[in-house]
Amino acid sequence: MRKILFITGFISLAGMVFSKEDTLQISLCGHESLLANTRDMRLFRHNSFLSEKQSFASQDGRSKHPSAARFVTSAFFIAYGTAARFNNTPFRRFDKYVAERVELNFNRHYPADSYLATVPAAFAYGLDFFSGVASAHNFRDRTLVLATSYLFMWGTVTTMKKQIPVVRPRGWNSDAFPSGHTAAAFTGAHILYKEYSAQSPWIGVGGYAIAATVGVLRVINRAHWTSDIIAGAGIGILSAEIGYMMLPVWHSLFGIDTDRQLVIMPAVGARNVGAGLIYLF
């Protein structure tokens, strides 16, 4: 008979705030009494949760070691944003030019950026619940990838904001670089692309379009310079790649194989992070 180890974790992260304008609450909530007995556990073995899809380490016969080429785009975007921090560069002059055009042509705030930032991740997480849509990884592995990616993204963004003070176009504070909203949107968009591009490349295109819209709105709302959102996009893409690189590590750490399964049940909370975990062994 299989044994079930049920762990409920709840970690408050009230300080997970990028800034006054960059508050993105990434949270997981614990669930109580998910299983009454071993028989109920079988309900979670639906294809969307624990179907034995190929893992990142062996998908399509590719090597476990990711090619450096997949980091080129993110490295370029981050380098662009960093270069714009120097006043005499063309990148900085372009920042100021765009900000001047925005000031002349837009006189209202568009709040959609805060809502759209989480849309790509939501689709990456649950799109395969729809009939006929298949993801590259099962629910468990997507949970691990998303959690790793967003934790890396959040840590990188908050560290850079503190270490590289940049005054926002409106001038109210000095934590503009990089854009946390854009980083979050591109993290989700890149995961959406990697999970569903085999199903349809247009799914990934849609995710990137939403993420780009978030970045544009951050500029229109005069919350960020153009270089801030470009660097944010690079960090988001890099974070997603890190999430997939770490997946085999989590498999090894948790001993995940055909006989051992880990399920992490997330939910949205307010200013907190928690997780309900079920480990079947």
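Computed from a prediction, not measured in an experiment: that's the story for all the values here.

## What about unusual backbone geometry?
Stage number 1. Along the chain, F177 connects to P178 via a cis peptide bond; the corresponding omega equals -10°.
Stage number 2. Assignment of secondary structure puts P178 in the loop between α7 (139-163) and α8 (180-196).
Stage number 3. We note that R222 has phi near 60°; this positive angle belongs to a residue other than glycine.
Stage number 4. In this fold, R222 is placed in the loop between α9 (201-220) and α10 (226-254).

## What to know about α7
Stage number 1. Given a rise of 1.5 Å per residue, 25 residues ought to cover 36 Å, and the 36 Å separating the end C-alpha atoms of α7 matches this to within 8%.
Stage number 2. Capping the start of α7 is the job of one residue whose side-chain oxygen sits 3.2 Å from the backbone nitrogen of R140: N138.

## A short note on the confidence of the model for the protein chain
The predicted coordinates ought not to be read in detail in places where the model reports low pLDDT.
Stage number 1. With 67% of its residues at a pLDDT of 70 or more, the protein chain shows a mean pLDDT of 77.
Stage number 2. Within the protein chain, no element has a lower average pLDDT than strand β1 (residues 4-12), which sits at 31, and none a higher one than α8, at 97.

## Side note on the environment of A189
Stage number 1. Relative to the elements of secondary structure, A189 occurs in helix α8.
Stage number 2. Look past the residues within four positions of A189 in its chain and what remains in contact with it is P120, G207, Y208 and A211.

## What to know about the side chain of T158
Stage number 1. Structurally, T158 can be placed in helix α7.
Stage number 2. For T158, a relative accessible area of 12% puts it in the buried group.
Stage number 3. Here W154 takes part through its backbone oxygen, which lies 2.8 Å from a polar atom of the side chain of T158.
Stage number 4. In this structure the side chain of T158 is engaged in a polar contact, spanning 3.2 Å, whose partner is the backbone oxygen of G155.

## As for the pattern of salt bridges
Stage number 1. On inspection of all chains with the given rule, the structure shows 10 salt bridges.
Stage number 2. Among the salt bridges present, the one from D228 reaches R85, with a minimum N-O distance of 3.8 Å. Of the two residues, D228 is situated in helix α10 and R85 in the loop between α3 (72-83) and α4 (90-105); the sequence distance between them amounts to 143 residues. One exposure class covers both D228 and R85, and it is buried.
Stage number 3. One connected set of salt bridges, linked through shared partners, spans R85, R92, D95 and D228.

## Considering the packing of aromatic side chains
Stage number 1. By the definition in use, this model includes 7 aromatic pairs.
Stage number 2. On the basis of an interplanar angle of 55° and a centroid distance of 6.1 Å, the ring pair of F76 and F77 is categorised as tilted.
Stage number 3. Owing to a relative accessible area of 52%, F76 belongs among the exposed residues under this scheme.
Stage number 4. Overall, F77 belongs to the partly exposed group, its relative accessible area being 24%.
Stage number 5. Look at F129 and F139: their rings are 6.1 Å apart centre to centre, the planes differ by 80°, and that puts the pair in the edge-to-face class. Placement of the pair is F129 in the loop between α6 (119-126) and α7 and F139 in helix α7, with a sequence separation of 10 residues.
Stage number 6. For F129, a relative accessible area of 43% gives the class partly exposed.
Stage number 7. What links up through ring pairs into an aromatic cluster is the set Y125, F129 and F139.
Stage number 8. The ring centre of W225 lies 4.4 Å from the NZ or CZ of R92, which sits over that ring.

Basis of the calculations
Residues numbered from 1 in each chain as written. Predicted model: local features only at pLDDT ≥ 70, side-chain atom pairs only at ≥ 80, totals over all residues. Heavy atoms only, no water. Helix = DSSP H or I, 4+ residues; strand = E, 2+ residues; numbered from the N terminus. Expected span 1.5 Å × (residues − 1). Polar contact = N/O pair within 3.5 Å; in protein donor to acceptor, adjacent residues only side chain to side chain. pLDDT = per-residue confidence, 0-100. Contact = heavy atoms within 4.5 Å. Buried < 20%, exposed > 50% of the residue type's maximum accessible area, 1.4 Å probe, protein only. Salt bridge = Lys/Arg side-chain N within 4 Å of Asp/Glu carboxyl O. Phe/Tyr/Trp six-rings, centres within 6.5 Å; stacked < 30°, edge-to-face > 60°. Lys NZ or Arg CZ within 6 Å of the ring centre and 35° of its normal.

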